[in-house]
Every structure is written in structure tokens, then in C-alpha cells.
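Reading the structure
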Amino acid sequence: MYRFITGCLTLCLMTAFSMFVGPEPAKAEELETPDPVATVNGSPIPLSDFKWEMKNAAARGFDPDESADNEQRSFRSRVLEELIDREILYQESTKAGVSIDQESVQQRMDQLKGRFPDEEVFKKALEDMNMTEESLKRHIERGMSISQYVDEVFVQKADVSEKDVQTFYDEHPEAFTRPERVHARHILLQKKPDSSPEDIAKNRELLTSIRSRVEHGEDFGNLAKEHSDCPSSSQNGDLGFFGRGEMVQEFEDAAFALEPGAVSEIVETQFGLHLIQLVEKQPESIVPLAEIKDRLTLFLKQEKGKEAAADHLSELKKTASIERMVP
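First, a word on scope: everything that follows refers to the structure included in this document.

1. Quick word on the overall build of the protein chain
On a plain count of helices and strands, the protein chain comes out with 12 helices and nine strands. Buried positions account for 39% of the 327 residues belonging to the protein chain.

This is the structure we're talking about:
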């Protein structure tokens, strides 16, 4: 996806949880503690939430323990303000009548689980962080409620004109630069775990024969359909367009070195032996506005919506009853 718009297991877990679900919910005894880190309109933000966010600082590359005292205090203050902001927005989403159905929560939960090799590893990761599936679901629901509130009240109502889109497009050409791409087909003779040197030699001999047949006029696609071990054989070996960094290095180097219509020498990768035919090569170019317009419009609406939500939050904080207890 174009650069501007789209934009170790434990680290992934911490990042995923902080991104999708927010802080760890407090245990019952922590909710009853007389020493929350803050209250927002009477609702306490427990110390467990604050500790969780500080722990997540490591996942974001910040180490409070290694920072100067004034930087530590500044960071602790920022963490606390984020928790206060989140609580205010959640309260507003509740007032607005936002309701998240449990099926959607479960779907998000399943997506998160999918980042782990199996159920056992997922549960162990939760256990290591003193979390349960129920507490995780609770925070998923809260996060979804805030997101839906911001989307409905601010993003969807943001006004983005044709001029806004055109201006942004004209002023940020680097955001819409499409790198050089190639369109290729290939024939793969797979290297299996039990392949012997003799098997590999036979595959090399077969590909040499196939290459000769292509040079004498036979259709590369038909030969790919007949001989290739890659799933792309059903599309005559067609891999579509791809840029640098999307294929293994040996394959990429060979494909980008070809001219349209040419067939490579035999290329060996971790997957086996390949013949590559280049179909088309596209140089680096600026993506036409017509092609990106809908996604750019959505991006600008999201940005305007976030700005409006931030302004609204600032006003809410002026009248909210907030007590901060973190030193």
C-alpha cells in the first residue's frame, strides 16, 4: 500500500495488547484500593492500569528506569494523561449510547489469538501478564466503544472537499510514489526435505529442457501449468506485479534483471529451482489521483476526525472532575 496512507513473541503480545485493548484491567482488590492513580468524574483509574501502561513503554522503545529523573516524571505524566483521556472518551461513548455486541468482541479476540502459534501459547502469555480472557474481552470492548464513538461522531461527519484532496495530493508527491515493479511468471520444481542430490539434478535437467522448449516457441504459461509445483500453476505460473522486498532475494534479483519476454537461467532458492519469465516492467511512478482518490479521501476524513475529537477532548477536560494522585 502506498507509503503515506497505509501506511519476539512477548514484544508482539505487549504491543498487540496495548494497541487493541489498552491497559490490564484491575483485580477486584485493586479496584477497591484507596490509592488509585487518578479519578475521572468519580471513576477511579487503578494503579494496575498505570503499571500496565508503564510496562508497555518497553514495547514502544522507552525505558523509564534508564531515563533521567525529570524525563521519568514527564513520561509518567504523559502515561497518566493518556489513561485519563481514554477514560473520558469511554464515558462519552457510554453517554452517546454506543453498544458493542459480544460477537464483534469475540471476533477481535480471535484475531488477537491468531497471532500466536496455538491456544496454549496464548493462554501462557496471558498468564505471564496476569490477565484472563474475560479481562481481555472487557478491554477489547472498551477500546471498540471508544473507536466507534470517535468514528460516528467525528470521522463520519468530517468534511473533506475535492480541493482538500487535490491539495494534499499535489503537496505530498512522495506519499504517492509507486516503486519500480515487475510482472512475472515462474515454474517451480520444489525442493522437498527428502530430496536427494539425484532428485535435484533431475529437476535441473527438466528445467533446462523446459527453457529450451520456451526458446523454441512453446508457451511458458502452458508449461508452468503442466510442470510447476507452485500454486500459481493454476494461473499459468502468473505471480502478478511485485516490488523489491516482496520475494526472496535470489528470485527478486533474477526477475528485476530480466527484460520483458525474457526467461531467466535456472534460479535456486530455499523453495527449489525456478525458471522466471518477465511479462512487464513498470518504472517508479506517481500513482494517478483517480486511482488513490477514495482511499485518500478516507484518510483525510480520519485525520480531520481525529483532530476534532482531540479538540473536543480538550474541552471536556476543562469541565471534568479530575484528581491526579501520581507523584
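2. Remarks on the sheet that holds strand β1 (residues 38-40)
Ordered by their spatial adjacency, three strands build an open sheet running β2-β1-β9, and the pairing between neighbours is antiparallel. A strand with exactly one partner marks an edge of an open sheet, and here the two such strands are β2 (43-45) and β9 (322-324). Between one strand axis and the next, the sheet turns by 20 degrees as a mean value, whatever way the strands run. Pairing geometry for β1 and β2, over three bridges, is antiparallel. In the sheet register, Ala 38 faces β2, and the bridge partner there is Ile 45.

3. So, the pairing of strand β7 (residues 272-282)
As judged from the 10 bridges shared by strand β4 (residues 181-190) and β7, these two strands associate in the antiparallel manner. Looking at the pairing, Ile 187 lines up with Leu 275 of β7. Examined bridge by bridge, strand β6 (residues 267-269) and β7 share three bridges and lie antiparallel to one another. Residue pairing in the sheet places Val 267 in a bridge with His 274 of β7. Counting the residues in the hairpin turn of β6 and β7 gives two residues.

4. Examining the environment of Ala 184
Position of Ala 184 relative to the elements: it lies in strand β4. Separated by 79 residues in sequence, Ala 184 and Val 263 place their C-alpha atoms 9.8 Å apart. In this structure Ala 184 touches Gly 237, Asp 238, Leu 239, Gly 240, Phe 242, Ile 276, Gln 277, Leu 278 and Val 279, once residues within four positions along its chain are discounted.

5. Focus: the nonpolar core
Grouped together as the largest cluster of nonpolar side chains are 36 residues, with contacts concentrated most on Ile 45, Phe 50, Ile 84, Ile 88, Leu 136 and Val 150. Elements represented by at least two residues in this core include exactly β1, α3 (47-59), α4 (69-95), α5 (102-113), α6 (119-128), α7 (133-155) and α12 (289-319). At eight residues, the largest contribution of residues to this core is made by α7. The next biggest cluster of nonpolar side chains, apart from the first, holds 12 residues, and it includes Val 160, Phe 176, Val 287 and Leu 296.

6. Some points on the side chain of Gln 277
Topologically, Gln 277 is positioned in strand β7. Looking at Gln 277, its side chain comes within polar contact range of the side chain of Arg 185, at 2.5 Å. With near-sequence residues (within four places) excluded, Gln 277 lies in contact with His 183, Ala 184, Arg 185, Val 214, Phe 220, Gly 261, Ala 262 and Val 263.

7. With respect to the environment of Glu 205
For Glu 205, the location among the structural elements is in helix α9 (residues 197-215). Each C-alpha atom of the pair Glu 205 and Ile 266 lies 10.0 Å from the other, and the pair is 61 residues apart in sequence.

8. Focus: the sheet that holds β6
Strand order in the open sheet formed by four strands is β5-β4-β7-β6, and the pairing between neighbours is antiparallel. Of all strands in the sheet, those bounded by a partner on one side alone are β5 (238-243) and β6. Shown here is a sheet whose adjacent strand axes are inclined to one another by a mean of 45 degrees, direction ignored. Pairing of β4 with β5 involves four bridges; the strand directions are antiparallel. Within β5, the residue paired with Arg 181 across the bridge is Gly 243. Contacting β4, β6 and β7, α9 crosses the sheet at an angle of about 30 degrees to β7.

9. Observations regarding the packing of aromatic side chains
By the definition in use, this model includes seven aromatic pairs. Taking the centre distance of 6.3 Å and the plane angle of 75 degrees together, the rings of Phe 242 and Phe 256 count as edge-to-face. With Phe 242 in strand β5 and Phe 256 in helix α11 (residues 249-257), the pair connects residues that are 14 residues apart, well separated along the chain. Neither residue differs from the other here; Phe 242 and Phe 256 are each classed as buried. Among the aromatic residues, those joined into a ring-pair cluster are Phe 168, Tyr 169, Phe 176 and Phe 299. Positioned over the ring face of Tyr 90 is Arg 142, at 3.9 Å from the centre of the ring. Over the face of the ring belonging to Phe 241 we find Arg 181, whose NZ or CZ atom lies 4.5 Å from the ring centre.

10. Quick notes on α9
Compared with the 27 Å implied by 1.5 Å per residue over 19 residues, the 27 Å span of α9 between its first and last C-alpha is a close match. Within α9, the full set of buried residues consists of Leu 207, Ile 210, Arg 211 and Val 214. One side of α9 carries all its buried residues, which in axial view fall inside an arc of 100 degrees. Exposed and facing more than 90 degrees away from the buried side of α9 are Pro 197, Glu 198, Lys 202 and Glu 205.

11. Here we look at the pattern of salt bridges
Enumeration according to the criterion identifies 18 salt bridges in this entry. Here Glu 81 and Arg 324 are joined by a salt bridge, their closest N and O atoms 2.7 Å apart. One end of the pair, Glu 81, is in helix α4; the other, Arg 324, is in strand β9, with 243 residues separating them in the sequence. Taking the relative accessible area as the measure of exposure, Glu 81 reaches 22% and is therefore partly exposed. On the basis of relative accessible area, Arg 324 is assigned to the partly exposed category, the value being 43%.

Reading the values: rules and limits
- Residues numbered from 1 in each chain as written.
- Predicted model: local features only at pLDDT ≥ 70, side-chain atom pairs only at ≥ 80, totals over all residues.
- Heavy atoms only, no water.
- Helix = DSSP H or I, 4+ residues; strand = E, 2+ residues; numbered from the N terminus.
- Buried < 20%, exposed > 50% of the residue type's maximum accessible area, 1.4 Å probe, protein only.
- Pairing = 2+ DSSP bridges.
- Axes fitted to C-alpha atoms, helices over the stretch in contact; angles between N-to-C directions.
- Contact = heavy atoms within 4.5 Å.
- Core = buried A, V, L, I, M, F, W, Y, C linked by side-chain atoms within 4.5 Å.
- Polar contact = N/O pair within 3.5 Å; in protein donor to acceptor, adjacent residues only side chain to side chain.
- Phe/Tyr/Trp six-rings, centres within 6.5 Å; stacked < 30°, edge-to-face > 60°.
- Lys NZ or Arg CZ within 6 Å of the ring centre and 35° of its normal.
- Expected span 1.5 Å × (residues − 1).
- Arc of directions from axis to C-beta.
- Salt bridge = Lys/Arg side-chain N within 4 Å of Asp/Glu carboxyl O.

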